[in-house]
Every structure is written in C-alpha cells, then in structure tokens.
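# What the coordinates show
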Amino acid sequence: MVEIILISDGGRGMSHEKRIGQKAVPENLKEILSEFQMMTLNKIAGFGWELMFVRRPLFQEVVPVVRNHEGAQVSVLEKDGRINLEPRIDIRKNQGY
C-alpha cells in the first residue's frame, strides 16, 4: 500500500509551487538519473508505467516518481534501480498528475 499524503491549502487557492522554472520531467534525465534508474525506467515503460516527475531536493539524491498506466499506483525508483512500491512521499492535489 502506498502512503500518499495530499497537501491542501485549505481552499484558499494559493499555490505552493516549489518548482518555479523547472519542468516536472527534466530533459537531461541521463545526467540526473543513475544508469540503473534509467534501465528500470525503460523496462517498466513497456508495462505502461511512466515518469510523473523528478524531485530534486537541495543537497540530496534525486527522487524519480513513476506511476502505472491507470495512475492508481505511485512508486519511486531507487538509485540502484529497484522499484519502491511503498514509498512515503507527499503529492499535492490538483497538480495535473
């Protein structure tokens, strides 16, 4: 079971966007993701999984977040290429994902 915490602004309509000027999926994936993450991403794409976004926290490893074709399952690609099917991540509501 994936634990997703939806963050709401309490209906105030305020944006809490931290990715100003950055795309959710950067164009230079081969420079950002490990070789193992890239291999896994290519493999799971054949099963309908897609890269939702890449979190790039300051001074930490990047976190590639993927979802299945139905959007019901959200997972994280670990640095060694493993798929973490039970990540503890926060995803904001209504962000077009």
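In case you missed it, the structure is sitting above this.
Residues numbered from 1 in each chain as written. Predicted model: local features only at pLDDT ≥ 70, side-chain atom pairs only at ≥ 80, totals over all residues. Heavy atoms only, no water.

### Examining the overall build of the protein
A count of helical and extended segments in the protein gives two helices and six strands. Along the protein, helices and strands appear, N-terminal first, in the series β-α-α-β-β-β-β-β. Counting all 97 residues of the protein, 31% fall into the buried class. Of the contacts made within the protein by residues no fewer than 6 positions apart, 51% connect residues no fewer than 24 positions apart. Surface accessibility of the protein: about 7000 Å² in total, with carbon and sulfur atoms responsible for 52%. (Helix = DSSP H or I, 4+ residues; strand = E, 2+ residues; numbered from the N terminus. Buried < 20%, exposed > 50% of the residue type's maximum accessible area, 1.4 Å probe, protein only. Contact = heavy atoms within 4.5 Å. Areas by Shrake-Rupley, 256 points an atom, 1.4 Å probe, with all protein chains shown as cover.)

### Quick look at the side chain of Ser75
Locating Ser75 in the fold gives a position in strand 4 (residues 74–77). Those residues in contact with Ser75 that lie beyond four places of it in its chain are Trp49, Pro64, Val65, Val66, Ile83, Asn84, Leu85 and Pro87.

### Regarding unusual backbone geometry
Only a minority of non-glycine residues have a phi that is not negative, and only a minority of peptide bonds are not trans. You will see that Phe59, though not glycine, has its phi angle at about 60 degrees, which is positive. For Phe59, a relative accessible area of 85% translates into the label exposed.

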